[in-house]
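Residue-level listing of the chains:
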Amino acid sequence: MECTVSWAGPSATTGSRSGMTFLAETGSGHTLVMDGAPDADKPENGGANLAPRPMETVLAGTGGCTAYDVVLILKRGRHDVRGCSVKLSSERAPTDPKVFTKIHMHFVVTGRGLAASAVERAIAMSHDKYCSATIMLGKTAEITTSFELREVQA
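Remember, it's a predicted structure, so these values are computed and weren't measured experimentally.

(A) Expanded view of unusual backbone geometry. Following Asp96, the chain continues to Pro97 via a peptide bond in cis, the omega torsion being -10 degrees. For Pro97, the location among the structural elements is in the loop between β4 (80-92) and β5 (100-112). Notably, Asn49 is not glycine yet its phi reads approximately 60 degrees, a positive angle. Residue Arg78 is not a glycine yet carries a positive backbone phi of 60 degrees. For Arg78, the position within the fold is in the loop between α1 (54-76) and β4.

(B) Main features of the sheet that holds strand β6 (residues 142-151). With mixed pairing, the three strands of this open sheet are ordered in space as β4-β5-β6. At either margin of the open sheet sits one strand with a lone partner, and together these are β4 and β6. Here the average twist between neighbouring strands, direction ignored, is 15 degrees. Both β4 and β5 contribute to a ladder of 12 bridges, which runs antiparallel. Paired with Ser85 across the two strands is Val108, which belongs to β5. On top of the sheet, α1 reaches β4 and β5; it is set at about 150 degrees to β4, its chief contact.

(C) The arrangement of the pairing of strand β2 (residues 21-26) in detail. As paired strands, strand β1 (residues 3-7) and β2 are joined by five bridges and run antiparallel to one another. By the bridge assignment for β2, Ser6 is matched with Leu23.

(D) Layout of the pattern of salt bridges. All chains considered together, the criterion is met by two salt bridges. Arg82 is the salt-bridge partner of Asp80, the closest N and O atoms lying 2.8 Å from each other.

(E) Local environment of the state of the cysteines. On inspection of all chains with the given rule, the structure shows zero disulfides. Unpaired in terms of disulfides, Cys3 finds its nearest cysteine sulfur in Cys65, a separation of 16 Å. Judged by relative accessible area, Cys3 falls into the partly exposed class, the value being 47%. In this structure Cys84 is a free cysteine whose sulfur lies 12 Å from that of Cys131, the closest cysteine sulfur available. With relative accessibility at 24%, the residue Cys84 sits in the partly exposed group.

(F) Inspection of the environment of Gly29 at higher detail. Within the element layout of this structure, Gly29 appears in the loop between β2 and β3 (31-35). By relative accessible area, which is 64% here, Gly29 ends up exposed. Linking Gly29 and Val109, residues 80 residues apart in sequence, is a C-alpha distance of 30 Å.

(G) A look at the sheet that holds β3. In space, the three strands of this open sheet follow the order β1-β2-β3, with antiparallel pairing throughout. At either margin of the open sheet sits one strand with a lone partner, and together these are β1 and β3. On average, each strand axis in the sheet is inclined to that of its neighbour by 20 degrees, with strand direction left out of account.

(H) Examining α1 more closely. In this model, α1 (23 residues) spans 33 Å end to end at C-alpha, consistent with the 33 Å of a helix rising 1.5 Å per residue. Buried positions along α1 lie against β3, β4, β5, α2 (116-130) and α3 (132-137).

(I) The arrangement of the side chain of Asp35 in detail. Counting through the fold element by element, Asp35 comes out in strand β3. For the buried Asp35, which has no salt bridge, the nearest side chain bearing the opposite charge is Arg53, at an N-O separation of 5.7 Å. A polar contact is formed between the side chain of Asp35 and the backbone nitrogen of Ala48, at a distance of 2.8 Å. Not counting chain neighbours up to four residues away, the residues in contact with Asp35 comprise Met20, Thr21, Gly47, Ala48, Asn49, Leu50, Ala51, Pro52, Arg53 and Pro54.

Rules used in this analysis
- Numbering of residues begins from 1 in every chain and follows the order in which that chain's sequence is written.
- Given that the model is predicted, a residue must reach a pLDDT of at least 70 before its local features are reported, and side-chain atom pairs must reach 80 or more before they are shown or counted; all residues, however, enter totals for whole chains, interfaces and linings.
- As a convention, hydrogens and water are excluded, and side-chain values are obtained from all of the structure's heavy atoms.
- Helix and strand definitions follow DSSP, with helices as H or I runs of at least four residues and strands as E runs of at least two, each counted in order from the N terminus.
- Two strands form a pair only when DSSP identifies at least two bridges running between them.
- Axes here refer to lines fitted to C-alpha atoms; in helices the fit is confined to the stretch in contact. Angles between the N-to-C directions go from 0 to 180 degrees.
- Note on contacts: a residue pair is in contact if any heavy atoms of the two residues lie within 4.5 Å.
- Salt bridge, as used here, is a side-chain nitrogen of Lys or Arg placed within 4 Å of a carboxyl oxygen of Asp or Glu.
- Pairs of cysteine sulfur atoms within 2.5 Å are what we label disulfides.
- Burial classes: relative accessible area under 20% of the type maximum marks a residue as buried, over 50% as exposed, and values in between as partly exposed (1.4 Å probe, protein chains only).
- Helix span is expected to be 1.5 Å times the residue number reduced by one.
- His residues and chain termini do not enter the charge count, which takes Lys and Arg as positive and Asp and Glu as negative.
- Pairs of N or O atoms within 3.5 Å make up the polar contacts considered here, provided that, within protein, one atom can donate a hydrogen while the other can accept it, and that residues adjacent in sequence are counted only when both atoms are side-chain atoms.

Right under this line is the structure:
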């Protein structure tokens, strides 16, 4: 896997490098824009709030990784899963490096006739065996999960 991250470059209006916008070009050929948080004390060192922060993309990627696993595990088990979302909330260390220290993932899984035990098992398998991002972040963060089932009609 490869990715190239580049500073966005000179400002069109001033001709100087300013702001903290970065472009990530992934090995699969996609582009992702990231930006830093605005800095009121030193605006030249802050972002312009044009895109997600880099650590927000880490959290989003983790959510995507685990949701992918949960859906795939349920589908492979021939469960009638129709939707899956996960809301992640996190806490970070107050000083550098500001690693994640707590992450809570709340899954909402929709389908027909889904057993809570199957969803619970799929979440556990993702977190214990398959989701690289969750397992990696689990080295610094306490990761907790919860879920709810929503039945959909035909």
